[in-house]
Amino acid sequence: MIKRALVVGGANGIGLSIATELALRQSVEKVYIVDKSAVAEEFMNPKFESFLFDLTQKDYSIFDKFHDIDTLMITAGFGRLALFKDIDEEMISLSFNVNTIPVMRIVKHFYTKLASQEDFYCGVMVSIAGFMSSPFFSVYAATKAALRIFIESVNVELLKGGSPNQILNVSPGSLKGTSFSNGKTDLNVTAPMAQAIINEMEKKNDIYIPQYEEVFKHVLNRYQEDFRKEGAHSYDYKLETGRVK
């Protein structure tokens, strides 16, 4: 049973939605939120305790203070649709320094909890882009592909070490009602997804791809059959649907 949770990147979007859904549970005593932005007053909850922190900082000792948590959810990250030729070199480093390396560092801080016999629930927002080539998302997809392999590898270590815990890889396509790609957070829209993610964490599953049977099973099968053709299809799809301005 979840009692105390830490949501990294929980000030908006799906992170805020997960934090809110957890706080609505009677059994949950506290939800810590670590984000570079403060939680807006309209979204505040008495169970929230917010900490301002930029994941690009060197000193991660802030995470040592959350020794009482039994749940860790990492949702921080960003991506912008653009061809690789139009991406600044600085953006390449920043993308990995926000999307990928912080997850590894934070998991390292809580590895003892993950590897123990005590229940510890952990999830990371990855992306379906981490499973296939994604034109206009080349750097973002690379940051997420690295995360996917990291999570899979650590999960094997946990399993072989005798721990009952696993890291949940949450890999959706685009999510409505979030602030990703400059959208606006709408908790009414994101609530069902947040609830589903929490449920998958509690089951200690290692992967959750929303709309897998309806959409992504077929997409991934096409990718496995001919990754070049599916990559070209993805390129055209982004242009045709107006995702690329």
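Residues numbered from 1 in each chain as written. Predicted model: local features only at pLDDT ≥ 70, side-chain atom pairs only at ≥ 80, totals over all residues. Heavy atoms only, no water.

Participant: I'm lost on the packing of aromatic side chains in this one. Help?
Facilitator: Geometrically, a pair of aromatic rings is defined through the distance of the ring centres and the angle of the planes. Counted by the stated rule, this structure contains 11 aromatic pairs. A ring pair is formed by Phe53 and Tyr60, whose centres lie 5.3 Å apart and whose planes are at 85°; its orientation type is edge-to-face. Grouping residues by exposure puts Phe53 and Tyr60 together as buried. A connected cluster of aromatic rings, assembled from ring pairs, spans Tyr32, Phe51, Phe53, Tyr60, Phe63 and Phe66. Across the ring face of Tyr60, the terminal group of Arg105 is positioned such that the distance to the ring centre comes to 3.8 Å. Between Arg148 and the ring centre of Phe131, over which it is positioned, the NZ or CZ distance is 4.7 Å. (Phe/Tyr/Trp six-rings, centres within 6.5 Å; stacked < 30°, edge-to-face > 60°. Buried < 20%, exposed > 50% of the residue type's maximum accessible area, 1.4 Å probe, protein only. Lys NZ or Arg CZ within 6 Å of the ring centre and 35° of its normal.)

Participant: Can you walk me through the sheet that holds strand S1 (residues 4-8) in this structure?
Facilitator: Sheet strands associate in pairs through backbone hydrogen bonding, adopting either a parallel or an antiparallel arrangement. Here we have seven strands laid out as an open sheet, ordered S3-S2-S1-S4-S5-S6-S7, and parallel in their pairing. Of all strands in the sheet, those with a lone pairing partner are strand S3 (48-52) and strand S7 (207-208), marking the two edges. Note that strand S2 (residues 30-35) and S3 share five bridges and pair parallel. Within S3, the residue paired with Val34 across the bridge is Phe51. (Pairing = 2+ DSSP bridges. Helix = DSSP H or I, 4+ residues; strand = E, 2+ residues; numbered from the N terminus.)

Participant: How should I be thinking about the pairing of strand S6 (residues 167-170) in this particular structure?
Facilitator: Looking along a regular strand, one sees side chains alternate from face to face of the sheet. Side chains Ile167 and Asn169 of S6 all project onto a buried face; the interleaved residues Leu168 and Val170 project onto the opposite face, where all are buried too. Direction of pairing for strand S5 (residues 121-125) relative to S6: parallel, over a ladder of four bridges. Along S6, the bridge assignment pairs Met125 with Val170. For the crossover from S5 across helix H5 (residues 138-160) to S6, the handedness is right-handed. (Right-handed = clockwise from strand over helix to strand, strands pointing away.)

Participant: Explanation requested: the side chain of Glu21 in the structure shown.
Facilitator: Note on placement: Glu21 falls in helix H1 (residues 13-23). Despite its burial, Glu21 pairs with no opposite charge; the closest candidate is Arg25, at 7.2 Å N-O. (Lys, Arg positive; Asp, Glu negative; His and termini not counted. Salt bridge = Lys/Arg side-chain N within 4 Å of Asp/Glu carboxyl O.)

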